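Here are the chains, one letter per residue:
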Amino acid sequence: NAGVTQTPKFRILKIGQSMTLQCTQDMNHNYMYWYRQDPGMGLKLIYYSVGAGITDKGEVPNGYNVSRSTTEDFPLRLELAAPSQTSVYFCASSYRGELNTEAFFGQGTRLTVV
Amino acid sequence: AQSVAQPEDQVNVAEGNPLTVKCTYSVSGNPYLFWYVQYPNRGLQFLLKYITGDNLVKGSYGFEAEFNKSQTSFHLKKPSALVSDSALYFCAVSLTTDSWGKFQFGAGTQVVVTP
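Position numbers for residues count from 1 along each chain, tracking the sequence in the order it is written. Going through the entries in the order they are written, you letter the chains from A and number the ligands from 1. Given that this is a predicted model, residues contribute local features only at a pLDDT of at least 70 and side-chain atom pairs are listed and counted only at 80 or more, while totals for whole chains, interfaces and linings are drawn from all residues. To obtain the side-chain values, all non-hydrogen atoms of the structure were used and water was disregarded.

Draft legend 1. Structural view of the overall build of chain A. In DSSP terms, a helix is any run of H or I states spanning at least four residues, a strand is any run of E spanning at least two, and both are numbered starting from the N terminus. Of regular secondary structure, chain A possesses 0 helices and 11 strands. When the helices and strands of chain A are placed in sequence order, the string is β-β-β-β-β-β-β-β-β-β-β. Against the 2.2 N^0.38 benchmark of 13 Å for 114 residues, chain A shows a C-alpha radius of gyration of 13 Å, consistent with a compact globule. The dimensions of chain A, computed from C-alpha atoms along their principal axes, are 45 × 30 × 25 Å. Buried residues in chain A amount to 47% of all 114 residues. The contact criterion used is simple: two residues touch if any of their non-hydrogen atoms lie within 4.5 Å. For chain A, contacts bridging at least 24 residues in sequence account for 53% of all contacts bridging at least 6. Accessible surface is estimated by sampling points in the Shrake-Rupley manner with a 1.4 Å probe; for residues, cover comes only from the protein chains shown. By element, 52% of the accessible surface of chain A is carried by carbon and sulfur atoms, the whole surface being about 5,400 Å². Two residue types count as positive, namely Lys and Arg, and two as negative, namely Asp and Glu; His and chain ends fall outside the count. Each charge is placed at NZ for Lys, CZ for Arg, CG for Asp and CD for Glu. Side chains of chain A give 10 positive and 9 negative charges; the mean places of these two sets differ by 11 Å. Here the globule rule reads 2.2 Å times residues to the power 0.38, and the radius of gyration is calculated from C-alpha atoms. The rule is simple: take the accessible area with a 1.4 Å probe, protein chains only, and divide by the maximum for that residue type; under 20% is buried, over 50% is exposed, in between is partly exposed.

Written out as structure tokens, the structure is:
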């Protein structure tokens, strides 16, 4: 019963490098989200998707890109890493049915940009 | 725009005492409300939700929350706290009319339960 799986768990990037944070879910959820968590700030929505091929920006999309080619996968791309992107990143998914509306979260990716 | 406020950065309680974590929200429309818990170096775990119906909802690990529409609050409660309840708690809101199903989270409340 995997749920939402994120890789890698930890990563250190140098300024200007790029990377992709992977996220996959096996619950056949149509909605997927990327959040970043900074101390004392709660979770901020970066991007979200309602299904394959449909994505939109959240509160803090600058410096990130996403794609959704399948229901299962929702990778987050950082093109030119900056120290301000040091954070913990969480992927989540949900099923927007009548009663089943909670989000399920991955374990997170702790990213440090130096 | 919707927002969620958790007015306390930290709540300290002795084991066996009642625990309350406060949450108020501001939305234009009807909300879905949620509580999540986060243990160190882990993802968020769902505790409970209010969708419709009874204002008192019960969730995992003995937690419950009461939806109060007039006060726009959704406080989390546990009658008798355990040391293992020490964690970071998040309140979240989603609009029933939001077809994208986006969640807005509060800043979180650190709960510390002392033996």
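Draft legend 2. The arrangement of the nonpolar core in detail. Residues belong to a common nonpolar core when they are buried Ala, Val, Leu, Ile, Met, Phe, Trp, Tyr or Cys residues joined through side-chain atoms within 4.5 Å. Formed by 28 residues in total, the largest nonpolar core has its most connected members in Leu19, Trp35, Leu47, Leu48, Phe74, Leu76 and Tyr89 of chain B. When residues of this core are traced back to their parent elements, those giving at least two are β2 (10-14), β3 (19-21), β5 (31-38), β6 (44-50), β8 (64-68), β9 (73-78), β10 (87-95) and β12 (109-114) of chain B. Considering each element in turn, this core owes the most residues, 5 residues, to β10 of chain B. Ignoring anything within four residues of it in the chain, the contact list for Leu19 of chain B reads Val11, Val13, Phe63, Leu76, Lys77, Lys78, Ala81 and Val111 of chain B. The next biggest cluster of nonpolar side chains, apart from the first, holds 21 residues, and it includes Tyr31, Leu43 and Tyr48 of chain A together with Leu44 of chain B.

Draft legend 3. Geometry of the state of the cysteines. A pair of cysteine sulfur atoms is labelled a disulfide when the two atoms are within 2.5 Å. Tallied over the full model, the rule gives 2 disulfides over all chains. For Cys23 of chain A, the disulfide goes to Cys91 of chain A, at an S-S distance of 1.8 Å. The S-S bond linking Cys23 of chain A to Cys91 of chain A shows a torsion near -70 degrees; that makes this disulfide left-handed. Of the two residues, Cys23 of chain A is situated in strand β3 (residues 19-25) and Cys91 of chain A in strand β9 (residues 87-94); the sequence distance between them amounts to 68 residues. With relative accessibility at 0%, the residue Cys91 of chain A sits in the buried group. Two residues, Cys23 of chain B and Cys91 of chain B, share a disulfide whose sulfurs are 2.0 Å apart. Sign of the S-S torsion, about -65 degrees for the bond between Cys23 of chain B and Cys91 of chain B, identifies this disulfide as left-handed. Taken together, the residues span a long stretch of sequence, with Cys23 of chain B in the loop between β3 and β4 (24-26) and Cys91 of chain B in strand β10 at a distance of 68 residues.

Draft legend 4. Layout of the pairing of strand β6 (residues 54-57) of chain A. Residues and elements named next belong to chain A. Strands were regarded as paired on the criterion that DSSP finds at least two bridges between them. Relative to β6, strand β5 (residues 42-51) runs antiparallel, the two being bridged by 4 bridges. Along β6, the bridge assignment pairs Tyr48 with Asp56. A loop of 2 residues connects β5 with β6, the two strands running antiparallel in sequence, and Gly53 in this loop sits at a positive phi of about 85 degrees.

Draft legend 5. Just the side chain of Ser93 of chain A, in detail. Residues and elements named next belong to chain A. Tracing the sequence through the fold places Ser93 in strand β9. The class of Ser93 is buried, set by a relative accessible area of 0%. Think of a polar contact as two N or O atoms within 3.5 Å of one another; within protein, one of them needs to be a possible hydrogen donor and the other a possible acceptor, and neighboring residues in sequence only count if both atoms come from side chains. A polar contact of 2.8 Å, which involves the side chain of Ser93, links it to the side chain of His29.

Draft legend 6. Molecular detail of the sheet that holds strand β8 (residues 76-78) of chain A. Residues and elements named next belong to chain A. Ordered in space as β1-β3-β8-β7, the 4 strands form an open sheet in which the pairing is antiparallel. One side of each edge strand has no neighbouring strand; the edge strands of this open sheet are β1 (4-7) and β7 (64-66). Within the sheet, the average angular offset between the axes of one strand and its neighbour, ignoring direction, is 20 degrees. Pairing analysis gives 4 bridges linking β1 to β3, with the strands arranged antiparallel. Along β3, the bridge assignment pairs Thr7 with Gln22. Each axis is a line fitted through C-alpha atoms, taken for helices only over the stretch in contact, and angles between the N-to-C directions span 0 to 180 degrees.

Draft legend 7. Examining the packing of aromatic side chains more closely. The rule is short: rings of Phe, Tyr and Trp, with Trp giving its six-membered ring, pair when the centres are within 6.5 Å, and they are stacked under 30 degrees, edge-to-face over 60, tilted in between. Evaluated as defined, the whole model comprises 17 aromatic pairs over all chains. One aromatic cluster is present, formed by Tyr33, Tyr35, Phe90 and Phe105 of chain A together with Phe34, Tyr36, Phe46, Phe90, Phe103 and Phe105 of chain B through successive ring pairs. The aromatic ring of Phe74 of chain A is capped on one face by Arg68 of chain A, whose charged end is 6.0 Å from the ring centroid. A ring is scored as having a charge over it whenever the NZ atom of a lysine or the CZ atom of an arginine sits within 6 Å of its centre and within 35 degrees of its normal.

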